[in-house]
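Here's the letter readout for the chains.
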Amino acid sequence: MRRRRFREDLYFRLNVFPIEAVPLRKRSDDIPLLAQHFIRLTSRKLKRPEPTLSHANVKQLQAYNWPSNIRELQNIIERAIIICQKNKLNFDLPNSAPTNVKQ
């Protein structure tokens, strides 16, 4: 049986130009635009009306200490759209209580 191993020479070739991605928790100013983008994409994909991203929603998303990357934000947006009622988003963020804020 042949073992699949990562070629060391390939690693060194790829390492010539390293790309560093800043975590989402350090770019909270980008969250509103990213969230709106994911709302638009997900609404189209699920063929659902596009809910409004309220100021309270933005504050909740920005207050969360994102341990992961943008994919986590995308998943949270998608989940919120799936369970969305009356065009109001409710983000189910891990380790935080759901908020019922006026929108």
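Residues numbered from 1 in each chain as written. Predicted model: local features only at pLDDT ≥ 70, side-chain atom pairs only at ≥ 80, totals over all residues. Heavy atoms only, no water.

1. Brief notes about the side chain of serine 43
As a reminder, the rule being used: For the purposes of this entry, the term helix denotes a DSSP run of H or I that reaches at least four residues, the term strand denotes a run of E that reaches at least two, and both are numbered from the N terminus. In this description, contact between two residues means that some pair of their heavy atoms is separated by no more than 4.5 Å.
Turning to its location among the elements, serine 43 is positioned in helix H2 (residues 31-46). Not counting residues within four places of it along the chain, the set of residues in contact with serine 43 comprises Arg48, Pro49, Glu50, Pro51 and Ile81.

2. Here we look at the pattern of salt bridges
Definition in use: Salt bridge criterion: a side-chain nitrogen from Lys or Arg within 4 Å of a carboxyl oxygen from Asp or Glu. In this scheme, a residue with accessible area under 20% of its type's maximum is buried, one over 50% is exposed, and one in between is partly exposed, where area comes from a 1.4 Å probe on protein chains only.
Counted by the stated rule, this structure contains two salt bridges. Between aspartate 30 and arginine 27 there is a salt bridge, and its shortest N-O distance comes to 3.2 Å. A residue is classified by how much of its surface remains accessible, and aspartate 30, at 34% relative accessible area, is partly exposed. Relative accessible area serves as the criterion here: at 23%, arginine 27 is assigned to the partly exposed category.

3. Quick notes on unusual backbone geometry
What is expected of a backbone is that most residues other than glycine have negative phi and most peptide bonds are trans. One non-glycine residue, lysine 86, adopts positive backbone phi at about 55 degrees. Counting through the fold element by element, lysine 86 comes out in the segment after helix H4 (70-82). The residue asparagine 87 is not glycine, and still its phi comes out positive at about 65 degrees. Position of asparagine 87 among the secondary structure elements: in the segment after H4.

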